[in-house]
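Listed below are the residues making up each chain.
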Amino acid sequence: MIEVSGLTKVYGSITAVRDLSFRVEKGEIIGFLGPNGAGKSTTMRILTGFTPATSGVAKVAGYHIEDHPIEVKRRVGYMPENVPAYGEMLVSAFLRYVAAVKGVPRGDVGREVGRAMERCGLGDMANRVVRNLSKGYRQRLGLAQALIGNPPVLILDEPTAGLDPKQIIDIRQLIKSLAPEHTVLLSTHILPEVTMVCERVIIINRGQIAAQDTMHNLTGGDSESLEVEALGVSDTITPRLKAIGDVTKVETLGGGRYRVVSPRGKDVRGAIVQALSGSECSLVGIQRKGRTLEDVFVEAVAADRGGVE
Ligand SMILES: Nc1ncnc2c1ncn2[C@@H]1O[C@H](COP(=O)(O)OP(=O)(O)O)[C@@H](O)[C@H]1O
Ligand SMILES: [Mg+2]
């Protein structure tokens, strides 16, 4: 649904996006992550036709963004970082205006606006002035305007930024409900959110891809690890751990700590207790060590701490 190849965007002396290539398949919700200034918003603005790329190509819903900008705009709902809305307008009037701009047939506008407000929990706000909306409702309005016209592709730039925890849960549920009819590219800073909503993740850093994979593979794939703490000589402990049937790898972490890797789903804790129940060593503790998305993120962007900004 989204195909990006060699995308580059240069602003004067800054290369915001450098030779970026990735694909998003139909019905996927992809987490688009990266530190501030990584180039997420720039990529999203290019994909939605708001900024031209310096070089490279991108196809959205089968259309080249440069050759068929109108076709692309018709098929993409875009929620930009700062939701633009005409402050003096009523919520319902603003959404009707968006529907008209998007070319929704006149006879369908009422139904379409009603559906978007309903879906985003804006029903009670229809006759409020946009300017007076709280941050939470403003974000909902941003999402509602993206949904108008029922576009197959949604590009959401930090839709939960600035919301309180309850509002974040609401918007997250809503985004989750968009798949599989919609394909969603979602940027956010909230990593647990990605863990809950996205199946696949693209991490960019300094305008380049730093990591991309399924959540499953990024967070350890088919193996899991334990951190074992034991007193005694490492030369005694390591071979004992390695000798356990399902243990695939043992790393010495120092300070009497060891990382023990085994296939996901195989519980080797009992075997570890037995293996270390000798007189030369004593087991002090075993802890599950899941690799979180946060670990992956920090590693992926570690090559360049500090970022661009
Ligand atoms: N219109 C612009 N003019 C000049 N530089 C820009 C412009 N927009 C973004 N940048 C720069 O491009 C880089 C990427 O920005 P952006 O895409 O907003 O990152 P992100 O959304 O990941 O925080 C930053 O260094 C930013 O300062
Ligand atoms: Mg941004």
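Every value quoted in this text rests on a predicted model; they were computed, and no experiment measured them. (Residues numbered from 1 in each chain as written. Chains lettered and ligands numbered in written order. Predicted model: local features only at pLDDT ≥ 70, side-chain atom pairs only at ≥ 80, totals over all residues.)

1. So, the sheet that holds strand β11 (residues 223-231)
What counts is decided by this rule: In this scheme, strands are said to pair when DSSP sees at least two bridges between them. To qualify as a helix, a DSSP run of H or I must reach at least 4 residues; to qualify as a strand, a run of E must reach at least 2; elements of each kind are numbered from the N terminus. Only C-alpha atoms enter the line fits that serve as axes; for helices the fit covers just the stretch in contact. Angles between N-to-C directions range over 0 to 180 degrees. The contact rule is simple: place each C-beta atom from the backbone, and if two of them lie within 7 Å, those residues are in contact.
A sheet is described by the order of its strands in space; here four strands give the open sequence β12-β13-β11-β14, paired in antiparallel fashion. Edge positions in the sheet fall to β12 (249-254) and β14 (282-288), since each of these pairs with one other strand and no more. Between one strand axis and the next, the sheet turns by 25 degrees as a mean value, whatever way the strands run. Relative to strand β13 (residues 257-263), β12 is paired through five bridges, and the arrangement is antiparallel. Bridge pairing links Glu251 to Arg259 in β13. Relative to β12, helix α9 (residues 234-242) is tilted by about 155 degrees, and along the sheet it contacts β11, β12 and β13.

2. A short note on the site of ligand 1
Test applied: Using a C-beta atom placed from the backbone, a residue is described as near a molecule or strand when that atom lies within 6 Å of it. Just so you know the grouping, Ala, Val, Leu, Ile, Met, Phe, Trp, Tyr, Cys and Pro go in nonpolar, Asp, Glu, Lys and Arg go in charged, and all remaining residues, Gly too, go in polar.
By nearness alone, 13 residues border ligand 1, and Tyr11, Ala16, Lys40, Ser41 and Thr42 come closest of all. Elements with a contribution of two residues or more to the shell around ligand 1: β2 (14-24) and α1 (40-47). Of the residues contributing to the shell around ligand 1, the split by class is five nonpolar, six polar and two charged.

3. Notes on helix α3 (residues 91-101)
Heads up, the condition is: Put plainly, a residue is buried at 20 or more neighbouring C-beta atoms within 10 Å of its own, exposed at 12 or fewer, and partly exposed in between, counting only other residues' C-beta atoms, which are placed from the backbone. Directions are taken from the helix axis to each C-beta atom, and the arc is the one they span.
Buried within α3 we find Val91, Phe94, Leu95, Val98 and Ala99. Burial along α3 is one-sided: seen end-on, the buried residues are contained in an arc of 140 degrees. Those residues of α3 that are buried lie in contact with α4 (109-119) and α5 (135-147). Directly after α3, the chain includes Gly103, whose backbone phi takes a positive value near 80 degrees.

4. Here we look at the pairing of strand β4 (residues 55-60)
Taken together, the five bridges between strand β1 (residues 2-11) and β4 define a ladder with antiparallel strand orientation. When the bridges of β4 are listed, Ile2 appears paired with Val60. Bridge analysis of β4 against strand β5 (residues 63-64) gives two bridges, and the strand direction is antiparallel. When the bridges of β5 are listed, Val60 appears paired with Tyr63. Counted along the chain from β4 to the antiparallel partner β5, the turn is two residues long, and its residue Ala61 has a positive phi close to 50 degrees.

5. Observations concerning the sheet that holds β1
Taken in spatial order, the four strands of this open sheet run β2-β1-β4-β5, and their pairing is antiparallel. On the outer flanks of this sheet lie β2 and β5, each paired with one strand and no other. Together, β1, β2 and β4 form the strand contacts of α1, whose direction differs from that of β1 by roughly 115 degrees.

6. Quick notes on the domain arrangement of the protein chain
Accessible area lost during the coming together of the parts is what is often quoted as the interface size. What counts here: Domain start and stop positions are those given by an automatic or database domain assignment.
Each assigned domain of the protein chain is listed here: domain 1 (2-218) and domain 2 (223-290). One C-alpha centre belongs to domain 1, the other to domain 2, and the line joining them spans 45 Å.

7. Some words on unusual backbone geometry
With an omega dihedral of 5 degrees, the bond running from Ala179 to Pro180 counts as a cis peptide bond. Inspection of the secondary structure assignment puts Pro180 in the loop between α6 (165-178) and β8 (183-187). Positive phi, normally seen in glycine, also occurs at Glu158, with a value near 50 degrees. Within the element layout of this structure, Glu158 appears in the loop between β7 (153-157) and α6. Not every positive phi belongs to a glycine, and Arg206 is a case in point at roughly 50 degrees. Secondary-structure assignment places Arg206 in the loop between β9 (200-205) and β10 (208-214).

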